[in-house]
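# Secondary and tertiary structure notes
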Amino acid sequence: MQKRKMLSMIFVIFPSLSEVFSNEESKDLRRQINELILNRDKFAHGNIFIDAENDKVIIQYYSRGKRETEISPEVISEITKSADFIKDKLHVLNDHFRTNRLEIEKEES
């Protein structure tokens, strides 16, 4: 969560990032990071049950009350796709900082 907060601050501190990501892209990145954190919390703090009768895997967790979700190949695929999207966007951001180190230092002054 701290890393997500730091990323949000980066977008505020460095207005030149609008050259890298549109407003919509930066919001989407932060939204997907939030979703990834929530999914991580489900697996870290939830309980996983195997419903052998129905051939399903269920995770039970708390999020504003008790909830449960079936862990299907589609759910795992969505989580993986989102993690790949986040990784790719963070690589773009990292490359921008490495390439524009001098301009960023000037913005801070």
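In case you missed it, the structure is sitting above this.
Below: a short report on this structure. (Residues numbered from 1 in each chain as written. Predicted model: local features only at pLDDT ≥ 70, side-chain atom pairs only at ≥ 80, totals over all residues. Heavy atoms only, no water.)

### Side note on the overall build of the chain
The test is simple: Strands are runs of DSSP state E lasting at least 2 residues, helices are runs of H or I lasting at least 4, and numbering of each runs from the N terminus. Note on method: radius of gyration uses C-alpha positions; expected globular size equals 2.2 Å times residues raised to 0.38.
Tallying secondary structure elements over the chain gives 4 helices and 3 strands in all. For the chain, the α and β elements follow one another from N to C terminus as α-α-β-β-β-α-α. A globule of 109 residues ought to have a C-alpha radius of gyration of about 13 Å, yet the chain, at 18 Å, is considerably larger. On the principal axes, the C-alpha backbone points of the chain span a range of 65 × 25 × 20 Å.

### Focus: a nonpolar patch on the surface
Here is the rule we go by: The patch calculation keeps residues exceeding 30% relative accessible area without a salt bridge and links them within 9 Å when they carry like charges or within 5 Å when they are nonpolar (Val, Leu, Ile, Met, Phe, Trp, Tyr). The Shrake-Rupley method, run with a 1.4 Å probe, gives the accessible areas here. Residue values count only the displayed protein chains as cover. Salt-bridge detection follows one rule: a side-chain nitrogen of Lys or Arg within 4 Å of a carboxyl oxygen of Asp or Glu.
A surface patch of nonpolar side chains, about 320 Å² in accessible area, is lined by M9, V12 and I13. Here M9 is to be found in helix 1 (residues 2-13).

### Observations concerning helix 1
This is how the line gets drawn: Expected helix span is given by 1.5 Å per residue-to-residue step, counting one fewer step than there are residues. Relative accessibility thresholds used throughout: buried, under 20% of the residue-type maximum; exposed, over 50%; partly exposed, between the two (1.4 Å probe, protein chains only). Regarding the arc, it is the one traced by the directions from the helix axis to the C-beta atoms. Whether two residues touch is decided by their heavy atoms; if any such pair falls within 4.5 Å, the residues are in contact.
Between its first and last C-alpha atoms helix 1 spans 16 Å; for 12 residues at 1.5 Å apiece the expected length is 16 Å, and the two agree. By the burial criterion, the buried members of helix 1 are R4, L7, S8 and F11. Considered in projection along helix 1, the buried side chains sweep an arc of 100° and stay on one side of the axis. Across from the buried face of helix 1, at angles greater than 90 degrees, the exposed residues are Q2, K3, M6, M9 and V12. Residues of helix 1 that are buried sit in contact with helix 2 (23-45) and helix 3 (73-99).

### Some points on the pairing of strand 1 (residues 47-51)
Cut-off, in case you're wondering: Any two strands with at least two DSSP bridges between them are considered paired.
Relative to strand 2 (residues 56-62), strand 1 runs antiparallel, the two sharing 5 bridges. If you follow I48 over to strand 2, its bridge partner there is I59. Connecting strand 1 to the next strand, strand 2, in antiparallel fashion are 4 residues, including D55 with a positive phi near 55°.

### Overview of the pairing of strand 2
In the sheet, strand 2 pairs with strand 3 (residues 66-70) via 5 bridges, with the strands oriented antiparallel. Residue Y62 lies in a different strand from strand 3, and its bridge partner there is K66. In this antiparallel pair of consecutive strands, strand 2 and strand 3, the connection spans 3 residues, and R64 shows a positive phi of 55°.

### A short note on the pattern of salt bridges
Here the structure, examined in full by the defined rule, presents 5 salt bridges. Where E25 meets K89, a salt bridge forms, and the shortest distance between an N and an O atom there is 3.5 Å. You can see E25 sitting in helix 2 and its partner K89 sitting in helix 3, a full 64 residues away along the chain. Since its relative accessible area comes to 31%, E25 is described here as partly exposed. The residue E35 makes a salt bridge to R31 at a minimum N-O spacing of 2.6 Å. Here E35 pairs with R31, and both are found in helix 2, just 4 residues apart, close to one helical turn. Look at E35 and you get partly exposed, because its relative accessible area is 37%. Owing to a relative accessible area of 41%, R31 belongs among the partly exposed residues under this scheme.

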